Amino acid sequence: MKNSAHLCRTALVSAGIGLLYLTACNKHDKPEPADNIPVITSFSPAEAAEGATVVITGKNFSPDKSLNAVSFNGKAATVIEAKATELSVTVPEEATNGKITVKVGDESATSAMDFKVNASAPSITSFTPDQVDIGSDVTITGTRFLNTSKVYFNGTQATNVTFESKTTLRAKVPTGATTGKLKVINGTLEAISATSFYLRPSITSFAPEKQEEGKVITIEGNNFSTEAGGNKVSFGTVEASEVTPVSATQIKVKVPAGVNMSATIKVNVHELETSSPGVFFLLPTIISCSPDHGTKGAYVTITGKNLSPDATVYYNNTNITQFESDRSTTKITFRLLADAVESKITIKQHNVSIEAGTFMTTDMPVKISRSPFTNNRYRLEGISFVANNKIYIGWGLDGNTNALINEAFAAYDLTTQQWSQYVLPPATIEGRRYAVARELGGKVYLGTGYNGVARLDSWYRLDPVTNTWTTMAKFPTPSIGASLEVINNKLIMGCGSTESSKMYEFDESGTGSWTEKINMPIAMQHTASFVLNNKLHAGVGGTPAGLREQTIYSIDGAGVVTPETRFPGEFGIATSFVYKGSVYLIEYTGKMYRYRPDAPVQWQIVGTDFQTIFRAHVINNKVYLISKYDEVFEYVPDF
């Protein structure tokens, strides 16, 4: 150890072109002790014979026994076991009375008291077994034992000791003994074992008894190892990787992943194992509860880990009973029929309530007007488009008479909030259902559909200001419920027939022309489509086999088609719209699904009462929903 009488301060001063060093010392200054210097606090026994074991207690020893140099009054000794706070060493031959020194690296410590060599002192050379229970017989081998020798198990005296010879004692492990060293005492002289015996650990309690994965519990008991890595703790069959010994009576352990909903805790020390008197219960870890807003009847999904199939879910202390069938240990989806504006969602598992989130019930879409031209009918499979800040509704099937509607389109002016009936298809243009329409450059392009007998391929351009209709180039494939979107100022259309998987780009110059651009993996009709992140998306259409293609594909500018997601619903899509980066799809059942590609939960049901809606338009950051009763609803998703 490097010592200094004074602590000196040195300053470096610039003077001209030279340097002047000034050193100031204060005789009252003392060096700060380093925190890695070894310290000897005691040793036991105080006197022993050559070859006996001496245990040195202190701090900053090396756990690697080869890095500790121990000497008895200058005579080198052999280190048998090493810990940072304890060394077991053998008294060397020809040792003499004097100080004990421990050197670790360049630092050393010397005992305050002298060690005394005493050839009459007993010694312990070995004992067996080293793994014991209370009441076990332990045979101790050594030298200079007496029929009056006393035996101690880590400080607890054995009451049943048999003297077999000067070199052998047999003792029963006494009640109250704990893991540690053996001692044999002859009067004032004693011997200590070089190694420890190990008693089977015991668990008296653990807390909390119910905990989440990754959280810490405290185990109380006896005979735990105080060494890092000395305790193996398992929950059922799953071993914990993070175990911290606090003392021989306490362990802290982090609940590992993969634990069953209930498990017995086991502690293993030196292959001696014990089990907890009670059962540990695993609590769920809540990751998310979403959406946090929606209409009454919206579906809410709790995601997390270790969600029990038996857990109950509540909103404002009301038990929820309507769950989706795909409930699992990582997801619970339920229908929330809350009338309250704010609902606190909790999950109760193992009789512990855990808050999952809060749901705000928002208003349903607000009806702002209904066409005065409906004549109390309802329209099936009609069309609706937006042009010149007006919402147009036309064509379709009369739900009362099953007759095709072929009359002037109804138009709702968002500025004046008035209805008109100005746009009228020429008599040569037949009525239809399942048609499509889109505005581009102030003109509306519309057509295809079904006339009750056959699919149609007719295509028209409408000037809604002058009510001028122009017959355009026919669509290559007669189609119903086709996909029609505007992307990069071009109309892209297709997926309206089970006989064709093609999608085409429309050139509106002159009477127009169609150019094949995309070949979808499968032919579909009644297809959902939308534009998100400047990519066309299409899918969820009827297939030639009469099934529904649940995949939604994304199509880039080069026409490359990539499966992106699968629609989780069971039925076709009435309409879709994109609002603030999220896609909303309304199923024919009335469920509204929200799709967010970058969210942890991509698909969520955010509403269930949209059965009458067949078209949606986003205008000036508001959503307008069109019902089969020619109603216009204003709707602002707030999810």
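By convention here, each chain's residues receive numbers from 1 onward along its written sequence. Per-residue local features are limited, in this predicted model, to residues with pLDDT of at least 70; the limit for side-chain atom pairs, both in listing and counting, is 80 or more; totals at the level of whole chains, interfaces and linings are taken over all residues. Computation of side-chain values: all heavy atoms of the structure, hydrogens and water removed.

**Student:** Quick question: what am I supposed to make of the overall build of the protein here?
**Tutor:** Helical segments are the DSSP runs of H or I of at least four residues, strand segments are the runs of E of at least two, and each set is numbered from the N terminus. Helices and strands together make up the secondary structure of the protein, namely zero helices and 64 strands. Atoms considered for the radius of gyration are the C-alpha atoms alone. The globule rule reads 2.2 Å times the number of residues to the power 0.38. Computed over C-alpha atoms, the radius of gyration of the protein comes to 43 Å, more than 25% over the 26 Å expected from 2.2 N^0.38 for 639 residues, which places it beyond the range of a compact globule. Burial classes follow relative accessibility: with a 1.4 Å probe on protein chains only, a residue under 20% of its type's maximum area counts as buried, one over 50% as exposed, and anything between as partly exposed. In the protein, which comprises 639 residues, the share counted as buried stands at 48%. Any two residues whose heavy atoms approach within 4.5 Å at even a single point are treated as in contact. Within the protein, counting contacts between residues at least 6 apart in sequence, those at least 24 apart form 50% of the total. Surface exposure here means Shrake-Rupley accessible area, sampled with a 1.4 Å probe, where a residue is shielded only by the protein chains that are shown. Counting every atom, the protein has about 29,800 Å² of accessible surface; 48% of that belongs to carbon and sulfur. In the protein, 57 side chains carry a positive charge and 60 a negative one; their mean positions are 1 Å apart. Charge assignment in this entry is limited to Lys and Arg as positive and Asp and Glu as negative, and neither His nor the chain termini are counted. By convention, charge coordinates are those of NZ in Lys, CZ in Arg, CG in Asp, or CD in Glu.

**Student:** What exactly am I supposed to notice about the nonpolar core here?
**Tutor:** A general tendency of soluble globular proteins is for nonpolar side chains to be buried together. Here, nonpolar core refers to any group of buried Ala, Val, Leu, Ile, Met, Phe, Trp, Tyr and Cys residues whose side-chain atoms link them within 4.5 Å. Membership of the largest hydrophobic core comes to 21 residues, with the highest contact counts inside it found for Val54, Ile56, Val70, Phe72 and Leu87. Those elements giving two or more residues to this core turn out to be β3 (39-44), β5 (53-59), β6 (68-72), β7 (75-82), β8 (86-90) and β9 (100-104). Those residues in contact with Val54, other than ones at most four positions away along the chain, are Phe43, Ser44, Pro45, Phe72, Leu87, Ser88, Val89, Val91, Ile100, Phe115 and Ile192. The next biggest cluster of nonpolar side chains, apart from the first, holds 20 residues, and it includes Phe224, Val253, Val269 and Phe280.

**Student:** In this structure, what is going on with the sheet that holds strand β34 (residues 312-315)? I would like to understand it.
**Tutor:** Strands in a sheet are paired, the pairing made by backbone hydrogen bonds, and the direction either parallel or antiparallel. The strand order across the open sheet formed by five strands is β32-β38-β37-β34-β35, and the pairing between neighbours is mixed. For this open sheet the edge positions go to β32 (293-294) and β35 (318-319), each flanked by a neighbour on one side alone. Should DSSP find at least two bridges between two strands, the strands are taken to pair. Where strand β37 (residues 342-349) meets strand β38 (residues 352-361), eight bridges bridge the pair, whose relative direction is antiparallel. Paired with Thr346 across the two strands is Glu355, which belongs to β38.

**Student:** Would you take a moment to explain the pairing of strand β29 (residues 262-269) for this structure?
**Tutor:** Looking along a regular strand, one sees the side chains alternate between the two faces of the sheet. Sheet topology note: the strand β25 (residues 232-235)/β29 ladder contains four bridges and is antiparallel. Across the sheet, residue Val233 finds its bridge partner in β29, namely Val267. Looking at chain direction, β29 and strand β30 (residues 272-283) are connected through seven bridges and run antiparallel. Counted as the bridge partner of Thr264 is Val279 from β30. Where β29 folds back on β30, the antiparallel hairpin that results is connected by two residues, among which His270 adopts a positive phi of roughly 50°.

**Student:** Looking at this structure, I do not really get the environment of Thr362. What am I missing?
**Tutor:** Turning to its location among the elements, Thr362 is positioned in the loop between β38 and β39 (366-370). Assessed through its relative accessible area of 22%, Thr362 is described here as partly exposed. Separated by 68 residues in sequence, Thr362 and Gly294 place their C-alpha atoms 5.3 Å apart.

**Student:** Would you take a moment to explain the pattern of salt bridges for this structure?
**Tutor:** One side chain can pair with another of opposite charge once the charged atoms of both are near each other. The rule for a salt bridge is simple: a side-chain nitrogen of Lys or Arg has to be within 4 Å of a carboxyl oxygen of Asp or Glu. Summed over all chains, the structure comprises 22 salt bridges. The partner of Arg377 in a salt bridge is Glu407, and the shortest N-O contact between them spans 2.3 Å. One end of the pair, Arg377, is in the loop between β39 and β40 (379-380); the other, Glu407, is in the loop between β43 (397-398) and β44 (410-413), with 30 residues separating them in the sequence. Of the charged contacts, one joins Arg438 and Glu485 as a salt bridge, the two residues approaching to 3.2 Å between their closest N and O atoms.

**Student:** Whenever I open this one, the packing of aromatic side chains confuses me. Can you help?
**Tutor:** The geometry of an aromatic ring pair is captured by the separation of the ring centres together with the interplanar angle, meaning the angle of the planes. Aromatic contacts are taken between Phe, Tyr and Trp rings whose centres are within 6.5 Å, Trp giving its six-membered ring; a plane angle under 30 degrees counts as stacked, one over 60 as edge-to-face, and the others as tilted. This model, assessed by the stated rule, comprises 25 aromatic pairs. Residues Tyr593 and Trp603 carry aromatic rings whose centres are separated by 6.5 Å and whose planes lie at 75° to one another, so their mutual orientation is edge-to-face. Here Tyr593, found in strand β60 (residues 592-595), pairs with Trp603, found in strand β61 (residues 603-607); they are ten residues apart in sequence, far enough to count as distant. By the burial criterion, Tyr593 is buried, and Trp603 matches it. Members of the aromatic cluster, connected to one another through ring pairs, are Phe385, Tyr392, Trp395, Phe409, Tyr460 and Trp469. Only when the NZ atom of a Lys or the CZ atom of an Arg is both within 6 Å of the ring centre and within 35 degrees of the ring normal do we say a charge sits over the ring. Above the face of the Phe323 ring, Arg327 is positioned so that its terminal group lies 4.7 Å from the ring centre. For Arg432, the ring lying beneath its charged end belongs to Trp395, and the centroid distance is 4.8 Å.

**Student:** Which parts of the structure should I look at to understand unusual backbone geometry?
**Tutor:** The residue after Ser44, namely Pro45, is reached through a cis peptide bond having omega 0°. Following the sequence through the fold, Pro45 ends up in the loop between β3 and β4 (47-48). At Glu381, a residue that is not glycine, the phi angle is positive and equals roughly 55°. Within the secondary structure layout, Glu381 lies in the loop between β40 and β41 (383-387). The residue Asp630 is not glycine, and still its phi comes out positive at about 60°. Relative to the helices and strands, Asp630 resides in the loop between β63 (622-627) and β64 (631-635).

**Student:** For this particular structure, what's the right way to read the sheet that holds strand β47 (residues 443-450)?
**Tutor:** The sheet built from four strands is open, its strands ordered β46-β47-β48-β49 with antiparallel pairing. Edge positions in the sheet fall to β46 (436-440) and β49 (468-472), since each of these pairs with one other strand and no more. Here the average twist between neighbouring strands, direction ignored, is 25°. Pairing between β47 and strand β48 (residues 455-463): six bridges, direction antiparallel. When the bridges of β48 are listed, Gly447 appears paired with Trp459. Interaxial angle, 0 to 180 degrees, is taken between N-to-C directions of lines fitted to C-alpha atoms, where a helix line uses only the stretch in contact.

**Student:** Is there a simple way to think about the confidence of the model for the protein in this case?
**Tutor:** Low-confidence regions, as indicated by low pLDDT, have predicted coordinates that should not be scrutinised in detail. Averaged over every residue, the pLDDT of the protein is 90; residues scoring 70 or more account for 94%. Between residues 1-30, whose pLDDT stays under 50, and residues either more than four places distant or in other chains, the model counts 36 contacts. Each residue carries a pLDDT score, the predictor's confidence in it, ranging from 0 to 100.

**Student:** I'm lost on the side chain of Thr374 in this one. Help?
**Tutor:** Its location among the elements puts Thr374 in the loop between β39 and β40. Under the relative-accessibility criterion, Thr374 is labelled buried at 5%. Among residues more than four places away in sequence, those in contact with Thr374 are Tyr629 and Asp630.

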